[in-house]
Amino acid sequence: KNQVEQSPQSLIILEGKNCTLQCNYTVSPFSNLRWYKQDTGRGPVSLTIMTFSENTKSNGRYTATLDADTKQSSLHITASQLSDSASYICVVSAERGANNLFFGTGTRLTVIP
Amino acid sequence: GAGVSQTPSNKVTEKGKYVELRCDPISGHTALYWYRQSLGQGPEFLIYFQGTGAADDSGLPNDRFFAVRPEGSVSTLKIQRTERGDSAVYLCASSLRAGLRAGELFFGEGSRLTVL
């Protein structure tokens, strides 16, 4: 069964600290993995998209890693800011199927001053 | 438009009423998706359009839910005889293409439906 699991479910960190969010998946055959940021009351916004051959991809203070062998991805946030408070959703695409996008339930990050 | 537009942003209705939610995708995007998101959960797939046709409607929870995209652009999600359990945020997303070579997925801000 194609599934995407994220951990932790929620996280509180102090402003300026770093944090890492995890995504494990069983989606097969794998096509790509995306991380989205969703502010409260808003739609998800793409942070990164990674294909099988990519191990690391950065977008400003956000760095995503992918290990296609262990089917794990992480999103590392450096020098967190209050505006980083949001839900971070991992989405994995399969190579087949009309609906081939599988969503995690997200990690709720709260950055406090 | 510049992004995916959804209307209304908020809809409060009474149990048993009929509701329509509209999605205006990014111009030129052939793939359009509807998702439902409950509080604290990730988006749950409802239906996906490739052009005018519903390529996959397996996520629609029951026959009270229906969606159309008659001209391959704007889509309307229709919910009949609404129930309190239908309360959620309904997200629309569009992509230049879908399937194996799916492009970036752009989401609207969602329509928050509350059924009293």
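The coordinates are above.
Overview of the structure.

The rules behind these values
Residues numbered from 1 in each chain as written. Chains lettered and ligands numbered in written order. Predicted model: local features only at pLDDT ≥ 70, side-chain atom pairs only at ≥ 80, totals over all residues. Heavy atoms only, no water. Pairing = 2+ DSSP bridges. Helix = DSSP H or I, 4+ residues; strand = E, 2+ residues; numbered from the N terminus. Axes fitted to C-alpha atoms, helices over the stretch in contact; angles between N-to-C directions. Disulfide = S-S within 2.5 Å. Phe/Tyr/Trp six-rings, centres within 6.5 Å; stacked < 30°, edge-to-face > 60°. Buried < 20%, exposed > 50% of the residue type's maximum accessible area, 1.4 Å probe, protein only.

**Things to note about the sheet that holds strand β7 (residues 62-67) of chain A**
All names here are of chain A.
Reasoning step 1: Pairing is antiparallel across the open sheet formed by five strands, whose spatial order is β1-β3-β8-β7-β6. The open sheet terminates on both sides in strands that have one partner only, identified here as β1 (4-7) and β6 (56-59). Across the sheet, the mean angle separating the axes of adjacent strands is 15° when strand polarity is ignored.
Reasoning step 2: Here β6 pairs with β7 via four bridges, running antiparallel. Across the sheet, Thr56 pairs through a bridge with Thr65, a residue of β7.

**Topic: the state of the cysteines**
Reasoning step 1: Scanning the model with the defined rule gives two disulfides over all chains in all.
Reasoning step 2: Through a disulfide, Cys23 of chain A is tied to Cys90 of chain A; the S-S separation comes to 2.0 Å. Measuring handedness by torsion sign, the sulfur bridge of Cys23 of chain A and Cys90 of chain A sits at about -70° and is left-handed. On the criterion of sequence distance, the pair formed by Cys23 of chain A in strand β3 (residues 19-25) and Cys90 of chain A in strand β9 (residues 86-94) is long-range, its members being 67 residues apart.
Reasoning step 3: The disulfide partner of Cys23 of chain B is Cys92 of chain B, and the gap between their sulfur atoms is 1.9 Å. Note on the Cys23 of chain B and Cys92 of chain B pair: the S-S dihedral is about -70°, so by sign convention the disulfide is left-handed. A residue pair is termed long-range when its members are at least 10 positions apart, and Cys23 of chain B in strand β3 (residues 19-24) and Cys92 of chain B in strand β9 (residues 88-95) qualify at 69 residues.

**Focus: the packing of aromatic side chains**
Reasoning step 1: Per the stated rule, a full pass over the model turns up nine aromatic pairs over all chains.
Reasoning step 2: Measuring from ring centre to ring centre gives 6.1 Å for Tyr62 of chain A and Tyr88 of chain A, while their planes differ by 45°; the resulting arrangement is tilted. Here Tyr62 of chain A, found in strand β7, pairs with Tyr88 of chain A, found in strand β9; they are 26 residues apart in sequence, far enough to count as distant.
Reasoning step 3: Given the relative accessible area of 9%, Tyr62 of chain A is considered buried.
Reasoning step 4: Ring geometry for Tyr35 of chain B and Phe107 of chain B: centres 5.9 Å apart, planes at 45°, overall tilted. Taken together, the positions of Tyr35 of chain B in strand β4 (residues 31-37) and Phe107 of chain B in strand β10 (residues 106-107) put the pair 72 residues apart, joining distant regions of the chain.

These figures capture arrangement, not role.
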